[in-house]
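Analysis of the macromolecular model
Chain by chain, the residues:
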Amino acid sequence: MTSSQVEAIVASATRLFAALGYDGTSTRQIAEAAGFNIATVNYHVGAKRELYLAVMERAHLAERAALAGALADAPPADDPVRAIHLLIDRYLDFLLDRPEVSALWMHRWLSDADDIAELELQYVRPLLAMVMEGFEGRLEGDLESALWTVIWCVNGYIMGGQMGDTGRRRAGEDRAALQRFRRHLHRQAHMTLGLAGEWPR
């Protein structure tokens, strides 16, 4: 099996796990979506659990790269206020570009794949620790709670959007609604952490 075929299987698994959750997806569905039989998928890539772990690892690596890039582009030691606002923007932009990552974690928040319990400790805690370490001693307030608030708000926005006057949900495709939400995130973090100066508008 070629690397492009493996990629096709993992991509199909990602789409299905994001749409249906781990518990609602079968290996047969993944194989059919990728254009292979189930025996081929099991032999070359693994069973459903292995596929799920591969999907979640890829999602984590992409998210870690985005956050690390934000911390590198605006080191908290140089300007913690600018750094936290850049981090918020990069996190939002990352999930706008990769909504399947939000969907994967949202399923887990709703007890999907609860027999695979190690992922939060393996992936979520290290990312929080990386950010917390970068800002250690540089910001007032409860940074961890502020970060969790951003996480909950951004993932909720990505998955549910913001309801307009017509009842239609608006998210990334509505630029005005997105800009309003982005300003809200900045204002919320600015006030919660007692940051100096004005927040980005």
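These lines cover the structure that appears in this document, whether it is placed above or below.

Conventions we followed
- Residues numbered from 1 in each chain as written.
- Predicted model: local features only at pLDDT ≥ 70, side-chain atom pairs only at ≥ 80, totals over all residues.
- Heavy atoms only, no water.
- Patch = residues over 30% accessible without salt bridge, like charges linked within 9 Å, V, L, I, M, F, W, Y side chains within 5 Å.
- Areas by Shrake-Rupley, 256 points an atom, 1.4 Å probe, with all protein chains shown as cover.
- Salt bridge = Lys/Arg side-chain N within 4 Å of Asp/Glu carboxyl O.
- Helix = DSSP H or I, 4+ residues; strand = E, 2+ residues; numbered from the N terminus.
- Buried < 20%, exposed > 50% of the residue type's maximum accessible area, 1.4 Å probe, protein only.
- Axes fitted to C-alpha atoms, helices over the stretch in contact; angles between N-to-C directions.
- Parallel < 35°, antiparallel > 145°, perpendicular 65-115°, else oblique.
- Left-handed = near helix turned anticlockwise from the far one by under 90°.
- Contact = heavy atoms within 4.5 Å.
- Nonpolar A, V, L, I, M, F, W, Y, C, P; charged D, E, K, R; others polar.
- Core = buried A, V, L, I, M, F, W, Y, C linked by side-chain atoms within 4.5 Å.
- Lys, Arg positive; Asp, Glu negative; His and termini not counted.
- Polar contact = N/O pair within 3.5 Å; in protein donor to acceptor, adjacent residues only side chain to side chain.

1. What to know about a nonpolar patch on the surface
- A grouping of Trp109, Leu110 and Trp152 is seen on the molecular surface, where their side chains present a nonpolar patch of about 380 Å² in accessible area.
- Along the chain, the position of tryptophan 152 falls in helix H8 (residues 143–160).
- Residue tryptophan 152 is classed as partly exposed on the basis of its relative accessible area of 49%.

2. What to know about the packing of helix H7 (residues 119–135) against H8
- Interaxial distance between H7 and H8 falls to 11 Å at its minimum, and their mutual angle equals 125 degrees. As judged from the angle between their axes, H7 and H8 are oblique. The hand of the H7/H8 crossing is right-handed. The segment H7 lies against H8, with Val124, Arg125, Leu128, Val131, Met132 and Phe135 engaging Leu143, Glu144, Leu147, Trp148 and Ile151.
- In terms of residue class, the contact of H7 with H8 is made up of 9 nonpolar, no polar and 2 charged.

3. Description of the nonpolar core
- In terms of nonpolar packing, the biggest core is built from 60 residues, with Phe17, Tyr52, Ile84, Leu87, Phe135 and Val154 touching the most fellow members.
- Elements supplying a minimum of two residues to this core: helix H1 (3–20), helix H2 (27–34), helix H4 (48–73), helix H5 (80–97), helix H6 (99–109), H7, H8 and helix H9 (175–192).
- Looking at this core, the element that brings in the most residues is H4, giving 10 residues.

4. Details of the side chain of glutamate 63
- As for its position among the elements, glutamate 63 is in helix H4.
- We note that glutamate 63 is buried and unpaired, the nearest opposite charge coming from arginine 98 at a distance of 9.2 Å.
- Excluding residues that lie within four positions of it along the chain, glutamate 63 makes contacts with Tyr91, Phe94, Val101, Trp105 and Leu127.

5. Quick word on the side chain of serine 12
- Checked against the element boundaries, serine 12 lands in helix H1.
- One polar contact links serine 12 to arginine 15, side chain to side chain, over a distance of 3.1 Å.

6. Focus: the packing of H6 against H8
- Two numbers describe how H6 lies on H8: the axes approach to 9 Å, and their chain directions differ by 110 degrees. Between H6 and H8, the angle is such that the two are roughly perpendicular. Note on packing geometry: the crossing formed by H6 with H8 is left-handed. Here Pro99, Ser102, Ala103, Met106 and Trp109 of H6 lie close against H8, whose contacting residues are Ile151, Trp152, Asn155, Gly156, Ile158 and Met159.
- Taken together, the residues that form the contact of H6 with H8 break down as 8 nonpolar, 3 polar and no charged.

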